[in-house]
Amino acid sequence: MAKKEMFEDGDVGQASAGAVSRTDFPPNFVFGVATSAYQVEGAASEGGRGPSIWDAFCRNKGKIVDESDGEVAVDQYHRYKEDIDLIAKLGFDAYRFSISWSRIFPDGLGANLNDEGITYYNNLINTLLEKGIQPYVTLYHWDLPQHLHDSMGGWLNKQIVEYFGTYAETCFANFGDRVKNWVTFNEPLQTAVNGYCYGIFAPGRSENPSTEPYLVAHHQLLAHAAAVSIYRKKYKDKQGGQIGLVLDCEWAEANSDKLEDKVAAARRLDFQLGWYLHPIYYGDYPEVMRERLGDQLPKFSDEEIEMLRNSVDFVGLNHYTSRFIAHAEDSPEEGHFYKAQMMARIAQWEGGESIGKKAASEWLYVVPWGIRKALNYIAHRYQNPPIYITESGMDDEENDTPPIHEMLDDKLRVTYFKSYLAEVAQAIEDGADVRGYFAWSLLDNFEWAQGYTKRFGLIYVDYKNGLSRHPKSSAYWFLRFLKGDEGEHSKKE
Ligand code: PNW
């Protein structure tokens, strides 16, 4: 299909302008909201928490656009009851949050357990369960204990695999009687590429962009496998839970019917998903990565591959946006990781047409049809695994000029969720085994290098007035949708 036709019929894309209702999904389909520890908890110097690489990174001038940090964030550490009340009132089934490693082991090493950290997460988990909300817990969402970075090089050192195993096991042992859904890593790609190639995420390294990202990804994969192996050997039977890995993927649509563009789009997907899923399903990195990267790509031993094989009970997909991909010998994208992919990512053409409406973040365009394609791609290429969409959403620019009620009426976000969910329902009909959808995010929060200048929340946080919480139109839309009051009417017409 010509690129223009794909988005001619309206603001946000094709088939998805119609209605969507709860009954388009199986009754046991999970609807949740997501956050991560450093982005929402705050209390960074309280409760015995040790520093993480993000505390240190935020102090480097110029790294965070508004020079902010997660010291207070949105203070969920002290307001978790209020936040859980909101999740319950909106009618969500599940809350995906992450555990801060340095709140459990302040120096990361695994000898000195911080009881206050255990107590905090026990309270959080118990309060969720009292309200009938299932916890989905991520062990690593980018906040490595600073001591592990300083003393041994963090993810660059293979020894990290053991330390991660100890930390993971401590979480299974303490929380696994109640937590039935575990994620080892959130988006290992972003840690590898933004943390070790571009230096725009902690720990901010860009010295060896052609080797470090691949080493860091390798060690994250091995740490993932180690944690899963511990869980399956010692906890899974007793506790009856499941464990998976969360990957991020922009859909890559070939820019034309030319073979070289189709191959470039396929290569792009191998560099995002295949980098992590190929070792797990097929025993090595994708061939095209080996071809393009040669010795820069580490090798697995037979034993490691054995451990990695089938090491996911489900695939978590963080999906926000899509791009058209064109073959490019000399890629316009900067940095080693993108150059190696020999492609151009296209969101806008010379004529001004765009792949979708733009959200606030540079990289985020609203492209509903991409999520259906991404889900079908995973289903076909990776043996139709159970998939949870563990994050999906869009952001508005922080702007304190308009009155708050205007900020709360987030019409484009409502359209985003309606249209993306309609496409998820289609993917289920196509045969993809999709089990859940988590909106990013429960509430506005610390958006990494963008600080507090971008707002992804269903709930508005008033940073100027005591961090008070105010549900946006999208939150009320979910409330009606989850009750079954959305979509049915227009559907029958
Ligand atoms: C995710 N991209 O990161 C993270 O898991 C969240 O912590 C974050 O707040 C959220 O998305 C919004 O940014 C991403 O460049 C970072 O495509 C970058 C991309 C996608 C997701």
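Keep in mind that this is a model prediction, so the values were computed, not measured.

Glancing now at the overall build of the protein. Across its full length, the protein holds 18 helices and 17 strands. Relative to a compact globule of 493 residues, whose C-alpha radius of gyration would be 23 Å, the protein shows 21 Å and is just as compact. Each principal axis of the C-alpha distribution contributes one length, and for the protein these read about 60 × 50 × 50 Å. Burial analysis of the protein (493 residues in total) assigns 62% to the buried set. Counting only contacts in the protein whose residues sit at least 6 apart along the sequence, the fraction spanning at least 24 positions is 76%. Of the accessible surface of the protein, which amounts to about 18,400 Å², a share of 48% is contributed by carbon and sulfur atoms. Computed over 51 positive and 73 negative side-chain charges, the separation of the two mean positions in the protein equals 2 Å.

For the rest of this paragraph, the subject is unusual backbone geometry. Residue proline 203 is bonded to the preceding alanine 202 through a cis peptide linkage, with omega at 5°. Note that proline 203 resides in the loop between helix H8 (188–196) and helix H9 (212–239). Cis geometry marks the peptide bond from tryptophan 440 to serine 441; its omega dihedral reads 10°. Summarising the element assignment, serine 441 is placed in the loop between strand S14 (434–440) and strand S15 (454–455).

Moving on to H8. Most of H8 sits inside the fold, with nine of its nine residues counted as buried. Taken as a whole, H8 has its buried residues at Pro188, Leu189, Gln190, Thr191, Ala192, Val193, Asn194, Gly195 and Tyr196.

The next subject is the environment of tyrosine 136. Tracing the backbone shows tyrosine 136 in strand S3 (residues 134–140). Expressed as a C-alpha distance, the spacing of tyrosine 136 and leucine 482, which sit 346 residues apart in the sequence, is 19 Å. Once residues lying within four places of it in the same chain are set aside, the contact partners of tyrosine 136 are Val30, Ala94, Tyr95, Arg96, Phe97, Asn181, Tyr388 and Phe438.

Our focus in this paragraph is the environment of tyrosine 452. Along the chain, tyrosine 452 falls in the loop between S14 and S15. When its relative accessible area of 13% is taken as the criterion, tyrosine 452 is described as buried. Once you skip the residues sitting within four places of it in the chain, tyrosine 452 turns out to touch Asp66, Ser68, Asp69, Gly70, Ala73, Glu398, Asn445, Phe446 and Tyr463. Engagement of the side chain of tyrosine 452 in a polar contact is seen with the backbone nitrogen of alanine 73, the distance being 3.5 Å.

Our focus in this paragraph is the UniProt feature "binding site: substrate" (unreviewed entry) in the protein. Annotation from UniProt places "binding site: substrate" (unreviewed entry) at Gln39, His141, Asn186, Tyr320, Trp440, Glu447 and Trp448. Lining the largest pocket, from the set of annotated residues above, are Gln39, His141, Asn186, Tyr320, Trp440, Glu447 and Trp448. By secondary structure assignment, the location of histidine 141 is in the loop between S3 and helix H6 (146–152). Beyond its immediate sequence surroundings of up to four residues, histidine 141 is in contact with Ser36, Gln39, Arg96, Ser98, Asn186, Glu391, Trp440 and Trp448. Residue placement: tryptophan 448 occurs in the loop between S14 and S15. When sequence neighbours within four positions are dropped, the list of residues in contact with tryptophan 448 reads Ser36, Tyr38, Gln39, Trp54, Ile64, His141, Trp142 and Phe201.

Here the UniProt feature "active site" (unreviewed entry) sits at Glu187 and Glu391. Taken together, the annotated residues stretch across 205 residues yet fold into one region, lying no more than 10.5 Å apart by C-alpha. Here the residues from the annotation list that line the largest pocket are Glu187 and Glu391. In this structure, glutamate 187 sits in the loop between strand S4 (181–186) and H8. Ignoring any residue separated from it by four or fewer positions in sequence, one finds glutamate 187 in contact with Trp142, Val246, Asp248, Asn318 and Glu391. The topology assignment puts glutamate 391 in strand S12 (residues 387–391). The buried category is assigned to glutamate 391, whose relative accessible area is 4%. Those residues in contact with glutamate 391 that lie beyond four places of it in its chain are Ala34, Arg96, His141, Asn186, Glu187, Leu317, Asn318, His319, Tyr320, Phe438 and Trp440.

Our focus in this paragraph is the site of the ligand. Neighbouring the ligand are 14 residues, the closest being Gln39, His141, Glu391, Glu447 and Trp448. The separation between an oxygen atom of the ligand and a polar side-chain atom of tryptophan 448 is 2.9 Å. When isolated, the ligand has an accessible area of 450 Å², and the protein chains bury 90% of it. Among the detected pockets, the ligand sits in the largest pocket.

What counts, and at which threshold
- Residues numbered from 1 in each chain as written.
- Predicted model: local features only at pLDDT ≥ 70, side-chain atom pairs only at ≥ 80, totals over all residues.
- Heavy atoms only, no water.
- Helix = DSSP H or I, 4+ residues; strand = E, 2+ residues; numbered from the N terminus.
- Rg over C-alpha atoms; globule rule 2.2 N^0.38 Å.
- Buried < 20%, exposed > 50% of the residue type's maximum accessible area, 1.4 Å probe, protein only.
- Contact = heavy atoms within 4.5 Å.
- Areas by Shrake-Rupley, 256 points an atom, 1.4 Å probe, with all protein chains shown as cover.
- Lys, Arg positive; Asp, Glu negative; His and termini not counted.
- Charge placed at Lys NZ, Arg CZ, Asp CG, Glu CD.
- Polar contact = N/O pair within 3.5 Å; in protein donor to acceptor, adjacent residues only side chain to side chain.
- UniProt positions renumbered as here; feature names shortened; annotations may be inferred.
- 1 Å grid on protein atoms, 1.4 Å probe; cavity = no way out; pocket = protein on both sides within 12 Å on 5 of 7 lines; lining within 4 Å.
- Near = heavy atom within 4 Å.
- Sits in = over half its atoms within 2 Å of the grid points.

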